[in-house]
Amino acid sequence: MTGFSRQAFMLLELVCFPEESIIRRVGTPSSIYNRGKLGLYLFFVGSRMSVKHLYLIFGLVQTSACVYINEMLKLVVRKLKKHPVSAIRYPTDDILIEWAALVHHRGRRVSNVAGFVDGLALHVQCNDNIVEQISAYNGYHHDTTCNNVLAFAPTGKVFSAALNYPWFFS
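Keep in mind that what you see is a predicted model, and the values were worked out from it rather than measured.

**Q** I'm lost on the pattern of salt bridges in this one. Help?
**A** When the charged atoms of two side chains with opposite charge come close together, those side chains can pair. With the rule as written, the count across this model stands at two salt bridges. The partner of Glu13 in a salt bridge is Arg35, with the nearest N and O atoms 3.0 Å apart. Placement of Glu13 in helix H1 (residues 6-16) and of Arg35 in helix H2 (residues 34-46) is noted, with a sequence separation of 22 residues between them. On the accessibility criterion, Arg35 (47% relative accessible area) is partly exposed. Between Glu71 and Lys37 there is a salt bridge, with the nearest N and O atoms lying 3.2 Å from each other. Of this pair, Glu71 sits in helix H4 (residues 62-82) while Lys37 sits in helix H2, placing them 34 residues apart in sequence.

Following this line, the structure appears as structure tokens:
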């Protein structure tokens, strides 16, 4: 449902809540456990559902759902910024040569190619502010989108990205 495999979800949960998932907090209990907060966050960023539908699915009041989403937005960005698995780094010359050899091995006529670039237009929720809504509208897709350009290595990993790239139409 969240677009993640079970293993990827559990890895993200361990990155976001390394020791908090084990230790019980003293005081008023939260309406939802850490795993539920992470699921709520992933639904929010990965779907076009509005918050009013999400809080119904997760059995929360709207203010609590908004608090948890904002809390998770800050937490996920802070944790993934430092984590080596989520880092996007441009490869060294030696790695580029190795990747070019992998591509050449796969297709003998292709040489000096180390990866490929692809675009992705993600549909986003419409904004009430008309100026922001117009800036995010994509006439090619006839919808409000956020355009991203990703560079992939032959191993399948992303090594460069231009996120929210407005001039690219896939």
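That shown, we press on.
**Q** What is the right way to read unusual backbone geometry from this model?
**A** The phi torsion of most residues other than glycine is negative, and most of the peptide bonds are trans. At Asn112, a residue that is not glycine, the phi angle is positive and equals roughly 60°. Within the secondary structure, Asn112 is located in the loop between helix H5 (93-106) and strand S1 (116-123). Looking at Asn112, the relative accessible area reads 76%, which means it is exposed.

**Q** What am I meant to see in the environment of Ala114 here?
**A** Relative to the elements of secondary structure, Ala114 occurs in the loop between H5 and S1. Along the sequence, Ala114 and Leu96 sit 18 residues apart, while their C-alpha atoms lie 5.7 Å from each other. Among residues more than four places away in sequence, those in contact with Ala114 are Leu96, Trp99, Ala100, Val103, Phe152, Ala153 and Pro154.

The rules behind each value
Residues numbered from 1 in each chain as written. Predicted model: local features only at pLDDT ≥ 70, side-chain atom pairs only at ≥ 80, totals over all residues. Heavy atoms only, no water. Salt bridge = Lys/Arg side-chain N within 4 Å of Asp/Glu carboxyl O. Helix = DSSP H or I, 4+ residues; strand = E, 2+ residues; numbered from the N terminus. Buried < 20%, exposed > 50% of the residue type's maximum accessible area, 1.4 Å probe, protein only. Contact = heavy atoms within 4.5 Å.

Interpretation note: all reported values are geometric properties and have no functional meaning in isolation.
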